[in-house]
Structure formats: C-alpha cells, structure tokens
Amino acid sequence: MGLFSAITAKIKGGLAKTREVFVSGLKSLLLGRKLDEATIAEIRRRLIEADVGVKTTDRFVAHIQEQFRAGRIDKGDQVLEYLKGELRSMWPPEDRELRFAPAGEKPTVILVTGVNGAGKTTSISKLAKLLQSRGNKVMLGACDTFRAGAVRQLEIWGERLGIDVVKGQQGGDPAAVAFDACQAAKSRGVDVLILDTAGRLQTQDPLMRQLTKIRSVVSKQIPGGPHEVLIVLDATAGQNALRQAEEFDRAIAGASGNQPKPADALGVTGIFLAKLDGTAKGGIVVAIKEATKIPVKFIGVGETPDDVQPFEPEKFVDALFEE
Ligand SMILES: Nc1nc2c(ncn2[C@@H]2O[C@H](COP(=O)(O)OP(=O)(O)O)[C@@H](O)[C@H]2O)c(=O)[nH]1
Ligand SMILES: [Mg+2]
C-alpha cells in the first residue's frame, strides 16, 4: 500500500463512526429522493446531532430551504452535493503547519494543554513520533506534576520511542520542570521540545495561572517560545470542547476572570482534535471552525502513536463521504 492510500485508509478508519451514522443516514434520506419540507427539517436535525453546530446548520438549512422554495432544487442528491461542496470550501488555505523556531534558533517548544483525560499525553506521543520520523531530535518535558502516574505514563512513551523525558518531583512546581527541560533541550541540541501539562478544568483559575507561568518561563529561556501552544480537545466532548478552546485561549494569553483576551496576546495556536475515531459526531470539526479562529492542526484517530494525521480538509471531507 502506498503512502497516500495508507493515509487515506487511516482517516477513513478514524471517521468510520461518523460516516456510518451521520453520512449514511443523510445518504439514505437524500439519495434518489424528492425533496420536501419534512426532509429539510430532518436534515437540520441530523446536522445538529452530528455536532455541526447551530450556526452552521442554520446557514446550510436556510440556503437549502430558499433554493427549494424558489424551485431551483427539488432532489435530495442536489442537497448532498451542496453540503459536500460547502464543507470542502469551509477551510481556506490557512496555516495548519506547525510553527517552528527560525533556523539556527532551536529548540522549537510546543506547549500542550487541555482538560484531564482529553488525550494530551497520548497525543504528545503521536506528535513526538511524527516529528521524529521527519528527522527531528525530540525531547519531552513532564510538567504534569499534579496527577500521580502522569510522569510515568510519559516516560513509558519516551522509552518506547527512544526519546529523553525531563521530569521533576511529583507535586513539584511545573514551571521548574519547564525551566529544566528548556535548559536540557538547549544543551543536548534538541530540535523540538514538547511539554506535557496537568489536565485542568478551564474554570480552575490557579491551575490556569500555572499555565501562564509555564509559558512565561519558556519564553524567558527560549526566545520566541513557546512557538506553538496546542490544546488537545476530546472530539467526543461535543460542544463542551468549544468552550474549552475559548477558555484556554484566554488563559494562555493572560486574561483572567471574564476579561477578554488582549488582541495582540498569544493564545492557543492550534488544536489537536483527539478521539475522532470514538465519535459519530465528527461534525464537531465544522463547529470548531465556526466558533473559534484556532485552526485544527492534527486529528487523533486511535490509541497508538501512529494514529495521528495532519488535518487536511479535502481528505477529511472525501473520507467522510466515500463509501
Ligand atoms: N480512541 C482513542 N482514544 C484516545 C485517543 N487519544 C487518547 N485516547 C485515550 O484517552 C485516554 C486519556 O488519554 P491521556 O493521553 O492519558 O489524556 P490526558 O489526561 O489528557 O493526558 C487514554 O485511554 C487514551 O488511550 C484517540 O485519538 N482515540
Ligand atoms: Mg496526561
């Protein structure tokens, strides 16, 4: 199997549930059928159910209704084509690539955040392997000093992948681990340092401040760092994931309480959408696009370090609608 078909197969596998429930349902509703008002109401229900989000759903449905009432469309197949086309064009060619430190200024530092259980540590192992396979020397920093077992979990991945892990005391200061990791990365000529952090609820203010502190330690040690602040979102968390993205974005940028994020402050720079394989509601990718300005950069489609794909909209939509 060639590289391209292997990638497509992986995305298809990861989207199997969404395809089986949402897309197959839409197809049986629409293919070869005449359109009517009841069918349009049913399309709306299914889009909402797949977590596409109210805003986008209403936009799609309003257009379909208008076209139908004006007599410009009357077949289900036309609706399906319209939806595919809209989805394909939703993501302009924006920057989905990881941001790296400029040449000669390594290491690149990637700070990884997200709530407990979102999939941070697993996603870090995936990213580490991907970066390693592209010829980068990778190091991991275990800044999750909060949860028992968290450091060990990261170390196990490190051992499997042959990657150094910098750690501190259980219960110690995560910012101190970040400091040590930055020093070690510089002295060992590391290309990419990935920092794992404690799972925290976006409502836990002290934990959020800790994240800001880690970020500022990194930026003092590594000019321009962290180059990337990724939030790992659990695709099965539905609309909750959207709130998390927004709250973390504000917290990283240093806005506390209900303050808005300062316009020029660095917030979250990318989303790693984990567990897409575990949901039939893959429409969440669309809702994220509508609700935040943060690009989805990677999708997680399983539990092993190989189950990761850069997010590529065209392939994503194709994998969704293909048989
Ligand atoms: N099916 C599936 N499970 C995942 C994925 N990413 C993470 N997990 C699982 O989610 C659980 C929590 O992951 P973990 O990395 O420990 O989350 P953390 O608390 O955010 O560090 C583990 O059981 C992982 O195996 C994914 O893309 N697909
Ligand atoms: Mg973890």
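Within each chain, residue numbers correspond to sequence positions counted from 1 in written order. Chain A is the first chain written and ligand 1 is the first ligand written, with later ones labelled in order. The predicted nature of this model means local features are confined to residues of pLDDT at least 70 and side-chain atom pairs, given and counted, to a pLDDT of 80 or more, with totals for whole chains, interfaces and linings taken over all residues.

## Some details on the domain arrangement of the chain
Working step 1: Either an automatic procedure or a domain database provided the assignment from which the domain bounds are taken. Taken domain by domain, the chain holds domain 1 (3–88) and domain 2 (108–321).
Working step 2: Computed over C-alpha atoms, the centres of domain 1 and domain 2 are 32 Å apart.
Working step 3: Here, residue contact means that the backbone-derived C-beta atoms of the two residues sit within 7 Å. Contacts between domain 1 and domain 2 engage 24 residues on the former and 26 residues on the latter.
Working step 4: Ranked by residue count, the leading element in the side of domain 1 that touches domain 2 is helix 1 (residues 3–14), at seven residues. Helix and strand definitions here come from DSSP, where helices need a minimum of 4 consecutive H or I residues and strands a minimum of 2 consecutive E residues; each element is numbered from the N-terminal end.

## Concerning the environment of A184
Working step 1: Mapped onto the elements, A184 comes out in helix 8 (residues 174–187).
Working step 2: When the C-alpha atoms of A184 and I110 are compared, they prove to be 15 Å apart, with 74 residues separating the residues in sequence.

## With respect to the packing of helix 2 (residues 16–30) against helix 5 (residues 76–88)
Working step 1: Axes here mean lines fitted to C-alpha atoms, for a helix over just the part in contact, with angles spanning 0 to 180 degrees between N-to-C directions. Between helix 2 and helix 5, whose axes approach to 8 Å, the crossing angle comes to 145°. Between helix 2, through L26, K27, L29 and L30, and helix 5, the contact on the second element is made entirely by G76, D77, V79 and L80.
Working step 2: Each residue receives one of three labels: charged for Asp, Glu, Lys and Arg, nonpolar for Ala, Val, Leu, Ile, Met, Phe, Trp, Tyr, Cys and Pro, and polar for the others, Gly being one of them. Classifying every residue of the contact of helix 2 with helix 5 by side-chain character gives five nonpolar, one polar and two charged.

## Examining unusual backbone geometry
Outside of glycine, negative phi angles account for most residues, and trans bonds account for most peptide bonds.
Working step 1: At the junction of K106 and P107, the peptide bond is cis and its omega measures out at 10° in the coordinates.
Working step 2: Along the chain, P107 falls in the loop between helix 5 and strand 1 (108–113).
Working step 3: A cis geometry characterises the amide bond from G225 onward to P226, with omega recorded as -10°.
Working step 4: Phi at D51 is positive, roughly 70°, even though this residue is not glycine.
Working step 5: Looking at where D51 falls in the secondary structure, it is placed in the loop between helix 3 (37–49) and helix 4 (54–69).
Working step 6: Classification of D51 as buried rests on a count of 26 C-beta atoms within 10 Å. For every residue, the other C-beta atoms within 10 Å of its own C-beta are counted; 20 or more classify it as buried, 12 or fewer as exposed, and values in between as partly exposed. C-beta atoms are placed from the backbone.

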